[in-house]
Amino acid sequence: MNMLNTFKNFINDEDGAVTVDWVVLTAAIVGLGIAVLASVSGGVLNLSSEISSALSDTTIASY
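Residues numbered from 1 in each chain as written. Predicted model: local features only at pLDDT ≥ 70, side-chain atom pairs only at ≥ 80, totals over all residues. Heavy atoms only, no water.

Q: Just checking my understanding: could you explain the overall build of the protein for this structure?
A: The number of helices and strands found in the protein is two helices and zero strands. The C-alpha radius of gyration computed for the protein amounts to 28 Å, which surpasses the reference 11 Å derived for 63 residues by more than 25%, pointing to a less compact arrangement than a globule. Counting only C-alpha atoms, the protein reaches 95 × 25 × 10 Å along its principal axes. Buried residues in the protein amount to 0% of all 63 residues. Here the protein has roughly 6,000 Å² of accessible surface; of this, 68% comes from carbon and sulfur atoms. (Helix = DSSP H or I, 4+ residues; strand = E, 2+ residues; numbered from the N terminus. Rg over C-alpha atoms; globule rule 2.2 N^0.38 Å. Buried < 20%, exposed > 50% of the residue type's maximum accessible area, 1.4 Å probe, protein only. Areas by Shrake-Rupley, 256 points an atom, 1.4 Å probe, with all protein chains shown as cover.)

Okay, structure coming up:
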């Protein structure tokens, strides 16, 4: 009878399922972050280049 109760407790235990859910959610968030980084990085590089050019062309007047 003790072995049957142990087996029932093992079947009803959901701690591992919660861990798998968190791992899947974390992987999805990391994947989304990488996708956003890949899509935004080109625009950021272009914008930083434009800002650098604008600052280089600016003259500072001293009185």
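There's more to say after this.
Q: What should I look at first to understand a nonpolar patch on the surface in this one?
A: Taken together, the side chains of Phe7, Phe10 and Ile11 define a hydrophobic patch exposed on the protein surface, amounting to about 370 Å² of accessible area. Note that Phe7 resides in helix H1 (residues 2-12). (Patch = residues over 30% accessible without salt bridge, like charges linked within 9 Å, V, L, I, M, F, W, Y side chains within 5 Å. Salt bridge = Lys/Arg side-chain N within 4 Å of Asp/Glu carboxyl O.)

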